[in-house]
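# Working through the structure, step by step
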Amino acid sequence: MLDIKKELSNLLDKEVNINTYDLIKEIKEKDKGDYTFPCFSLSKEMHKAPNVIADELKDKIKSNI
């Protein structure tokens, strides 16, 4: 069975160089998505706004699928 959280974590780990598995949380309101990843914790280190980080990660993940 495919573990989507683990696959997502593997993709994110390559981009942010940290273990992201424990940071990824399942969303209870399914109309808002399936998983969430807090980019606020990366903001200070990457010197970018969380929404910019999220957009960049989204684009990188899409290109790796």
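The paragraphs below set out a description of the structure included in this document. (Residues numbered from 1 in each chain as written. Predicted model: local features only at pLDDT ≥ 70, side-chain atom pairs only at ≥ 80, totals over all residues. Heavy atoms only, no water.)

Along its length, the protein carries 3 helices and 2 strands. The linear arrangement of helices and strands in the protein, starting from the amino end, is α-β-β-α-α. Its C-alpha atoms give the protein a radius of gyration of 12 Å, near enough to 11 Å, the size a compact globule of 65 residues would have. Dimensions of the protein, computed from the C-alpha atoms along their principal axes, are close to 35 × 25 × 20 Å. Taken across its 65 residues, the protein has 23% of its residues classed as buried. Taking as baseline every contact in the protein between residues at least 6 positions apart, the subset at least 24 positions apart corresponds to 28%. Surface exposure of the protein reaches about 5,100 Å², of which carbon and sulfur atoms provide 53%. The centroid of the 12 positive side-chain charges in the protein is displaced by 2 Å from the centroid of its 13 negative side-chain charges. (Helix = DSSP H or I, 4+ residues; strand = E, 2+ residues; numbered from the N terminus. Rg over C-alpha atoms; globule rule 2.2 N^0.38 Å. Buried < 20%, exposed > 50% of the residue type's maximum accessible area, 1.4 Å probe, protein only. Contact = heavy atoms within 4.5 Å. Areas by Shrake-Rupley, 256 points an atom, 1.4 Å probe, with all protein chains shown as cover. Lys, Arg positive; Asp, Glu negative; His and termini not counted. Charge placed at Lys NZ, Arg CZ, Asp CG, Glu CD.)

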